[in-house]
Each structure stands twice: as C-alpha cells, then as structure tokens.
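Structural overview for review
Residues per chain, in single letters:
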Amino acid sequence: MSDSRSRAASQFLLPYLSQPLALLSVAVLLVFCLFALRQRLQPITSCEADTSTARGPSKARPATPPGPTKPSPSTHEPTAPAQPPEADRAMPKRTKQPYDAFLVLDVEATCVAGAGFDYPNEIIEWPVCLLRWKDKDAKGKARELEVVDEFRSFVRPTWRPQLSPFCTSLTGITQEQVDNAPSFPEVLDRFRSFLAKHRLIDSESGRRLSRFCFCSDGPYDIRDFVVKQCFISKIPIPNWLTWDVMDVRRVVGEFHAFATASPADRDAERRPTGAFPLPRRVTLSIPRQLHALGLEPFEGRQHSGIDDTRNIARLVVELARRGWKLEPNTPINPNRRWPWMGKRGRVLEEYYP
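My aim in this report is to walk through the structure given alongside it, one point at a time. (Residues numbered from 1 in each chain as written. Predicted model: local features only at pLDDT ≥ 70, side-chain atom pairs only at ≥ 80, totals over all residues. Heavy atoms only, no water.)

**Some points on the pairing of strand β7 (residues 212-216)**
- With five of its five residues buried, β7 lies for the most part within the structure.
- On β7, burial covers both faces: F212, F214 and S216 on one face and C213 and C215 on the other are all buried.
- Bridging between strand β2 (residues 101-105) and β7 involves four bridges; their strand directions are parallel. Across the sheet, the residue bridging to L103 is F214, located in β7.
- Once the chain exits β7 it traverses helix α7 (residues 220-233) before rejoining the sheet at strand β8 (residues 245-247), and the crossover so formed is right-handed. (Buried < 20%, exposed > 50% of the residue type's maximum accessible area, 1.4 Å probe, protein only. Helix = DSSP H or I, 4+ residues; strand = E, 2+ residues; numbered from the N terminus. Pairing = 2+ DSSP bridges. Right-handed = clockwise from strand over helix to strand, strands pointing away.)

**Concerning the nonpolar core**
- Core analysis: the largest hydrophobic core is formed by 39 residues, its most contacted members being L103, W126, F191, F214, W240 and L241.
- The element that contributes the greatest number of residues to this core is α7, accounting for seven residues.
- In contact with L241, not counting residues within four places along its chain, are W126, L188, F214, I222 and V226.
- The next biggest cluster of nonpolar side chains, apart from the first, holds 28 residues, and it includes Y99, V104, A142 and L315. (Core = buried A, V, L, I, M, F, W, Y, C linked by side-chain atoms within 4.5 Å. Contact = heavy atoms within 4.5 Å.)

**As for a positive patch on the surface**
- Taken together, K93, K96, K139, K141 and K325 make up a surface patch of like positive charges.
- Take K325: it is sitting in the segment after α11 (305-321). (Patch = residues over 30% accessible without salt bridge, like charges linked within 9 Å, V, L, I, M, F, W, Y side chains within 5 Å. Areas by Shrake-Rupley, 256 points an atom, 1.4 Å probe, with all protein chains shown as cover. Salt bridge = Lys/Arg side-chain N within 4 Å of Asp/Glu carboxyl O. Lys, Arg positive; Asp, Glu negative; His and termini not counted. Charge placed at Lys NZ, Arg CZ, Asp CG, Glu CD.)

Keep in mind that these numbers describe shape and distance, not what the molecule does.
Spelled out as structure tokens, the structure:
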C-alpha cells in the first residue's frame, strides 16, 4: 500500500517539479524553515554558555591588536595601570627652563627682640647652594636639578659688633664665630671668586657668562638685607646681585594653589604666555613648604643659614622635578632707602639708640 501512495504523490508533484518557478519556491520555503529552526535553538545555546561560564573560571579577554587609534579612557594597559592625578603630576614631561643655574641664598643677620624688618640688620652668615641641571637638552628642556657646590662664610658686623642674646638664640651663631669672620666686602670678594670658578661671571669684569638666578625664602634676603648691608659697608651693590631673584616661598604657594585647584579653576587661572603674574602673599614657613610638596621634614636646625639654604634647595629641586617653570619674580631696587640711613653709609643712632 505504501508503494501505491508513493506513486500517487509522485504523479501529483511531477507536474509542479518540472517547472523552474516551482523549484525556486520550494528552495525558498526550505531556507525559511531552516532559519526559523536556528532562531529557536539559539536561546538554548546561550543559556548553556552562561551556565558553563558561571561554573568555571572565565578566560582572559584576547588582547586588542595594536593600531593607531587612541584608546578610550576606560582602557587599561597591563603594563601601565591608570594612576591618580597626583601621580600624573609627579612625573610630568620636561619643561623648557630659561636659566642654567640657581644660587640658593638664605642669609642670617643681626637682630634684637621686638625689632621689625626696618631694623638696620647686618649680615652675619652668607650661605649659598649652587644648583645645575643634569638633563637639560638642546631645546632647553629639563627636569632634574642637583647641588654641585656650596659656599658658606660667617660675616663680622661693624655697626653693632656685639650680637644680642636673642640673635644668638635664634640663629645659633656665636660671638666668637663672627669676631673671627671676614667683613662683608671681603666675603663678597670670595663669593665673586666662587662665581667665577663656576663660569657664572667673568672674574675681571663681572660680566655674566651664564644665565643664573638667585633663590631665597621670601623677598627679603637680597631686596632688604643685602641693600642695607651694602649701605652700611659703604660699597655699591654688585650688578650680579641685582639681576634675577626668585622668591621660592611665593612659587611654592602658586604651585600648591594650582595643584589643589579644580580643573575648571586651573583653566580660569591660566595666563597667556608673557603675562605678568599677579602678586600673591603666601605665608608658608620652610617646613610647611616642604610638607606642601610632599617632601621629608626639615633637615637640620631652623634659622641656621646653611641648613635653611639646603632645605630651600630641596624645594627648588622638587619644583623642577614637577615641571614648574623656574624664573624670577622679585625686583631689586639697589637705591632703596630706610629712615635710619644718613649720609655716606652712616646709621642715624637716634632711630636705634
């Protein structure tokens, strides 16, 4: 009976299969049926895959092939994990630095209890750290500074040779040290030889041979103390002392304000190239400046000239490492006068009897 049914079906389909259009219709129908069957089986396969993933450890994602496109912010390379903004600022690109050397200076001077900055101070210690770049390239870009030499000398005062107990207690400098020290003009001559030895100035003319900048904690060391001392010593201020001076305390304050500001505030505070920076008064002691830059605490004795100078040098080195441009910010007026200044270097005793 089955053979008779097959012969009947063949006789029924034969007229249609003989036509090309009928064959095409059957093919389309078969493709449609296969596609529908595949769609029904797909969820089952996905569920099996999810179950196997939950039961066993996942496989590592294949590495993205290298290409010229920039990765998205969420992409993390295995050899360079993302770092916080503080770490990014700690390793910046090298900055173009206009100066070749820095002379960090922090003088100590005579003082009495209760006297202000208008007092006729005499310099009793002249300490300097010389910094030079280790990695400055042909384009003037650099980031690493190092101390290459130091100069230090005590100075014998002449107007008031006897140190006050307050001065000795503050600075640690004894009467014997200043009594056996050279006068300020002699110290300047020795320091001039120091500058010539390092090819910063010409030994005879005093002409600048290299771009260097003095650095101090605050504006007072050269702007006030050196101007007063040269008046008392009856000597002109050397040209190389009035050229370029950087107030490190002010620079640290500006850097800290910029580093801790929000991105919007940073963009608002950026000045065009060549714009004169607005003055800022930031009262930060040397220990606080070290803390603001994340450095180790103060090393040595505070108000010791050489120890203060070495710690200020640490600040300058760190500012350079963080990519901050180091340049002068303190003008010097060698003709500045105070009320106690008389004629020809004489101190009017009635102001400080």
